[in-house]
Amino acid sequence: MANDDGHEALLIPGEGLLGYQAPPAANARQQLELQDSAMSGEDRKLTLDQVVEDLLADGLITAETAKDLLRRCAGAKKDGLHLLERIAEQHPMSAQVPLRQLDLEALTVWLAGRCGLPYLRIDPLKIDVATIGELTTIAYATWNQILPVALTPEKAVFATCEPYLTDWMAELQQVLKRRIERVVANPRDIERFRREFFGASTSMRGARSKNQAQQVDLQNLEALVELGKVGTLEATNSHIVHLVDWLLQYAFDQRASDIHLEPRREAGNVRFRIDGVMHQVCQIPAVVMTAVTSRIKILGRMDVAEKRRPQDGRIKTRTQGGLEAEMRLSTMPTAFGEKLVIRIFNPEALREDLSVLGFEPEEESAWQRMIGQPHGIILVTGPTGSGKTTTLYSTLISLATPDINVCTVEDPIENLVPALNQMQVNHGIGLDFASGVRTLLRQDPDVIMVGEIRDLETAEMAVQAALTGHLVLSTLHTNDAPSAITRLLDLGVPHYMINATLIGVLAQRLVRTLCPHCKRSAAINPTLWESLVNPWSLAPPASIAVSDGCDECRQTGYRGRTGLYEILTLTPAIRALISGAIDEPALRARVYQEGMRPLRISGARKVAAGLTSFDEIFRVLPAAQDV
C-alpha cells in the first residue's frame, strides 16, 4: 500500500503500539484555532520570529531576552537542529521562575500548550519497534518531523515537533484507514528514536523477508562488539548484525541489567530487567529471533549447532560512549527454541565506593575491619540478583594493590579485571571450585575469592586456605547472616573449623530507590513503621518520602537501586555458641544482642532517610524473625 507520494505505509492487522494513554483534552479554543489553521490550508514550519514573539507574549521571556534570541539564533550556523533546540542552546532565562533556564523540555511543554496539543514524554519501552516501520517510511517521517507512538483499531497517534505541519495527516489517514491524532514531543527524542526504531524495524522486516535465519555470516566475527552504530548501517552489513547491535545498545541506554530473548510459536518476546523489574520491549518474528540468538551465540564463542543443551558464554562490548562492559550469556532449550538471557555487568559499578553501594558509615567501618584481617573466611550471602558480585568485586579491587596478590576462581568469570588473577571453573576437564582453590594455594596468593561454596569439598578447601594464612572471600545462598553458620554445618564443616576460620558474614538485598524527580515529603504511617521495626526499637522519623511517578521513572516512582546490609562479626560470645548441635534461635538472639542490625532495620533506616518506600522493603525482605 502506498500513499499519493509513493511512500509505503503498511499495517499488520492486530499489531499495535501498546501502553499509550491519551492526555487530557487541550484547551477547546486552542484546538479550534489549530483546526481552522489546518482547514485553511496553512501548512508551515515554526519560524524564529513567531516563536520568540509567542514566548514574549506568554510572558516566558523578557523583551531584552527576545532581542538577544533573535540576534544570536539568526546568526547561528545552519546545523540541522530543530528551532527549539537552537533556542535552548542559547540558555534563555525564564521570566516567570527566577534563575531558571528554559531548557528544551520546558520549551516543548510550552509549545504543546501554545498550539493546543497534548504533550508526551516518549517512553521507548512503550513503543512496539516492529510496528514502527509498518506505518510509514523513515523518509516520510523525517520530512514531516513525526514519529508513530501508539496504534489502536480506531486511531494512530503520532508525535510531532512541528505542530503547524498538517498536510500529512490527511494523507496518512487515507492510507491507514484510521483517525490521526497528534501529540507534541521533544524534537531531540523524535529524531533519535525515529532513527533507531525505523532502523531496527527495517532490519526485522529485511531479515524476515530474506529468511536470514539460515544466512547468518559466520566469518570474521569480532569478540569485541562495537555498539552505537545504529544510524550508520552500511549496505554490506547483515540485517541481523544491525539488529543485535541495536538491541545491545538499547539495553545500555535503558539501564537494563538483563536481556531476555524468549522464543514463542509465532513471535518471540524481548524483555529487559530494569531496576529489578521486567519490562516488555518488543516482539520479534520467530525466524528472526532464531537468527538473533545464533548471532549472539557466535559472539559469545558458543556452539551454534547445539540447541538441546544449556550453554554459557560471554561477550565484551564497547558502547558508543567508549564504555566497556562484560555480558554473560546463558541459553536454555524450551518448547519453542532456545531461550537466551544476557546479563550486563556495568564496570563502573565495580569501582564505586561502598557508600555509593548503600553502606552506611557504621556498616562500611565494620566491613573494612573484616577485610583488613590477614587471614580467615568472609562470606557474602543473599539470593540471585542481590548485588553480591558487585560487592565482592568492589572489595577485591580495593584490596588489589601492587603489594597484594589477589586470585579468584569463578564459574563463570563475571567481570575481567586487570588487577586480579582470575581462573574459570571448567567441569569438562575436572576443574571445579575445590581443585581451583587447591591450585591457587600454590600461586602464592594473599587474597582468594571463591565464586561460591556449593559443597563440602569446596568448603574444606576454603577452610584450608584460611588456616594456611590467606584471606578467603566467597558467597553462600542463605536468607540472612546467621543462617550462613548453619549452612556450613549442614555441608559438613566441623564446628571447630568454623570457629577457627570464619571472620564474619555479610547478608544483603537490593531495593529500588525513590525517583528524585517526583519524590516528596509525606507523613509516616505508624502502623507500617511498627510492623517493619518490630521487635527492634527504632524511633520513627518525623516524615518520610513518597513518589507519585513521573516521566523520568516511567510512572513507577522508582529510579535506581541501593543495598540493604546486615553484618555479622564473630565475637567470642558468638563463637561459644557454635557447636555440632547448634541452637539456631539462641544463636540468632545472641548476634542481635552483640549489636548486629538485621536487614529490616537497614531497610527502616533507608525509609527514614527518604531513599526507598515501605512497599519496596516488604517486597524484598522475609518476615521478621522472632528474637
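Here is what the cut-offs are and how they apply
Starting from 1, residues in each chain are numbered consecutively following that chain's sequence as written. Local features in this predicted model are restricted to residues of pLDDT 70 or higher, and side-chain atom pairs are both shown and tallied only at a pLDDT of 80 or more, whereas totals for entire chains, interfaces and linings draw on every residue. With hydrogens and water stripped out, all remaining heavy atoms of the structure feed into the side-chain values. UniProt positions are given in the numbering used here, feature names are shortened, and annotations may be inferred rather than shown by experiment. Strands are runs of DSSP state E lasting at least 2 residues, helices are runs of H or I lasting at least 4, and numbering of each runs from the N terminus. Definitions used throughout: a 1 Å grid over protein atoms alone; a cavity as a set of points that fits a 1.4 Å probe which cannot get out; a pocket as an open set with protein on both sides within 12 Å along at least five of seven lines; a lining residue as one with an atom within 4 Å of a point. Grid points are joined across faces, edges and corners, and a volume is the space filled by probe spheres set on the points. Under the convention adopted here, Pro, Cys and the residues Ala, Val, Leu, Ile, Met, Phe, Trp and Tyr are nonpolar, Asp, Glu, Lys and Arg are charged, and Gly plus all remaining residues are polar. Pairing of aromatic side chains here covers Phe, Tyr and the six-membered ring of Trp, requires ring centres within 6.5 Å, and sorts the geometry by plane angle: under 30 degrees stacked, over 60 edge-to-face, intermediate tilted. Only protein chains enter the area calculation, which uses a 1.4 Å probe; residues under 20% of their type maximum are buried, those over 50% are exposed, and those in between are partly exposed. Here, over-ring charges are defined by two tests on the NZ atom of lysine or the CZ atom of arginine: distance to the ring centre within 6 Å, and angle to the ring normal within 35 degrees. Definition of nonpolar core: a set of buried residues of the types Ala, Val, Leu, Ile, Met, Phe, Trp, Tyr and Cys, connected through side-chain atoms within 4.5 Å. Domain segmentation is taken from an automatic or database assignment of domains. Basic side-chain nitrogens of Lys or Arg form a salt bridge, by our definition, when they fall within 4 Å of a carboxyl oxygen of Asp or Glu.

Caption draft 1: Examining the UniProt feature "domain: Bacterial type II secretion system protein E" (unreviewed entry) in the protein more closely. As annotated by UniProt and renumbered to match this structure, "domain: Bacterial type II secretion system protein E" (unreviewed entry) occupies residues 441-455. The span residues 441-455 is 0% helical and 27% strand by assignment, and the distance between its end C-alpha atoms comes to 19 Å.

Caption draft 2: Region of interest: empty space enclosed by the protein. Using the criterion set out here, one finds two cavities of 30 Å³ or more in the structure. Empty space within the second largest cavity amounts to approximately 60 Å³. Taken together, Ile377, Leu379, Ile453, Ala459, Ala462, Val463, Leu488, Val493, Ile498, Thr501 and Leu502 form the lining of the second largest cavity. Among the secondary structure elements, those contributing two or more residues to the lining of the second largest cavity are β11 (376-381), α16 (456-467) and α18 (495-501). Considering each element in turn, the lining of the second largest cavity owes the most residues, three residues, to α16. Residues of the lining of the second largest cavity, tallied by class, amount to ten nonpolar, one polar and no charged.

Caption draft 3: Quick peek at the packing of aromatic side chains. All told, the structure shown has ten aromatic pairs when counted by the stated rule. For the ring pair Trp529 and Phe614, a centre distance of 6.4 Å and an interplane angle of 80 degrees mean the geometry is edge-to-face. On the criterion of sequence distance, the pair formed by Trp529 in helix α19 (residues 526-533) and Phe614 in helix α23 (residues 614-620) is long-range, its members being 85 residues apart. We classify Trp529 as buried; its relative accessible area is 3%. Here Phe614 falls in the buried class, since its relative accessible area comes to 6%. Joined through ring pairs, the aromatic side chains of Phe193, Phe197, Trp246, Tyr250 and Phe272 make up one cluster. Arg44 extends its terminal NZ or CZ atom over the ring of Tyr164, reaching a point 4.2 Å from the ring centre. We note Arg512 situated over the ring of Tyr558; from NZ or CZ to the ring centre the distance is 4.1 Å.

Caption draft 4: Representation of the nonpolar core in the model. In terms of nonpolar packing, the biggest core is built from 66 residues, with Ile259, Leu261, Val270, Phe272 and Ile296 touching the most fellow members. If one sorts the elements of this core by residue count, helix α10 (residues 239-253) sits on top with nine residues. Residues lining this core come from more than one domain, with at least three contributed by each of domain 2 (120-194) and domain 3 (232-345). Counting residues in each nonpolar core, the second largest holds 58 residues, with Leu532, Leu568, Met596 and Leu599 among its members.

Caption draft 5: Quick peek at the pattern of salt bridges. The final tally for this structure, using the stated rule, is 36 salt bridges. Across the pair Arg121 and Glu552 runs a salt bridge, and its minimum N-O distance is 2.8 Å. You can see Arg121 sitting in the loop between α5 (104-115) and α6 (129-135) and its partner Glu552 sitting in the loop between β18 (544-547) and β19 (558-569), a full 431 residues away along the chain. Overall, Arg121 belongs to the partly exposed group, its relative accessible area being 25%. A residue is classified by how much of its surface remains accessible, and Glu552, at 25% relative accessible area, is partly exposed. The partner of Glu326 in a salt bridge is Arg314, with the nearest N and O atoms 3.3 Å apart. Of the two residues, Glu326 is situated in strand β9 (residues 324-334) and Arg314 in strand β8 (residues 311-318); the sequence distance between them amounts to twelve residues. Note on Arg314: relative accessible area 22%, which makes it partly exposed. One salt-bridge network, in which partners are shared between bridges, spans Glu360, Glu362, Glu363, Arg597, Arg605 and Lys606.

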